[in-house]
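Each chain is listed here by its residues.
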Amino acid sequence: MPGPVAPEAVRRDTGGMIAMLFLAAAAAGAPLFARASEDLWGIAPCELCLWQRTPYWVAAALALAAALLPRARRPLAGLAILAVLVSGAIAGFHIGVEQGWWPSPLPGCQAPRSAGGASVDDLMRSLNAAPSKPCDAPTYLIPGLPVSMAAMNLLYALGLSALAAIWIRRGARR
């Protein structure tokens, strides 16, 4: 039968749990903000934009699990940070597509093009029911600030993952 728990251990565990809950909320906040920007400001996402959201949901779930499972907190938190960095990597790739450094391999990212000799009816039938935004057309949230939403996501992912790594290291030293 385990003995009484030292107050410092309880305080450390509570601090780690709060840090992981904050990481879960911050990770979930990114795709929620992106979705809200569609509804509030009418911003249309491209396929790469949508791909950047999934790793945040994975990170939020892993961070929530880390908050609830103190014995597995460090590995789960590490995986959550890795998931956030995956979204950042996709954002970095997206920035390259926006800048024309390389083309996107995703078919949904390509602007519709005419196949020579096709009739207007053939072209209309080949279009998606809901047109998607080409991935090489950057979306700027703040007028006058030349930072696309993909670049904002990269900065957010790097900042959030660095902050979470600091929390983990501080928890390990205590």
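Here the structure is a predicted model, which means the values were calculated and not measured.

S.K.: Got a minute to help me understand the side chain of Ser 87 in this structure?
M.R.: Residue placement: Ser 87 occurs in helix α3 (residues 73-99). The contact partners of Ser 87, leaving out residues within four places of it in the chain, are Gln 52, Pro 55, Tyr 56 and Asn 153.

S.K.: Where do I start with the nonpolar core in this structure?
M.R.: Across soluble globular proteins, nonpolar side chains have a tendency to be buried as a group. Ranked by size, the top nonpolar core spans 25 residues in total, and within it Met 20, Leu 23, Tyr 56, Ala 59, Ala 80 and Val 84 carry the most contacts. Sorting elements by how many residues they give to this core places helix α1 (residues 7-41) first, with eight residues. Setting aside anything within four residues of it in sequence, one finds Leu 23 in contact with Ala 63, Ala 80, Leu 160, Ala 164 and Trp 167.

S.K.: Would you mind showing me how to read the pattern of salt bridges here?
M.R.: Pairing between side chains becomes possible if they bear opposite charge and their charged atoms approach one another. Applying the stated rule across the entire model yields three salt bridges. Of the charged contacts in the structure, one is a salt bridge between Arg 35 and Glu 38, with a shortest N-O distance of 2.6 Å. Note that Arg 35 and Glu 38 are positioned in helix α1 at a spacing of three residues, about one turn of the helix. Glu 38 sits in the buried class, given a relative accessible area of 15%. A salt bridge links Glu 38 to Arg 53, with the shortest nitrogen-to-oxygen separation between them at 2.5 Å. Remark: Arg 53 occurs in helix α2 (residues 47-68) and Glu 38 occurs in helix α1; sequence separation between them is 15 residues. Neither residue differs from the other here; Glu 38 and Arg 53 are each classed as buried.

So, how was this worked out
- Residues numbered from 1 in each chain as written.
- Predicted model: local features only at pLDDT ≥ 70, side-chain atom pairs only at ≥ 80, totals over all residues.
- Heavy atoms only, no water.
- Helix = DSSP H or I, 4+ residues; strand = E, 2+ residues; numbered from the N terminus.
- Contact = heavy atoms within 4.5 Å.
- Core = buried A, V, L, I, M, F, W, Y, C linked by side-chain atoms within 4.5 Å.
- Buried < 20%, exposed > 50% of the residue type's maximum accessible area, 1.4 Å probe, protein only.
- Salt bridge = Lys/Arg side-chain N within 4 Å of Asp/Glu carboxyl O.

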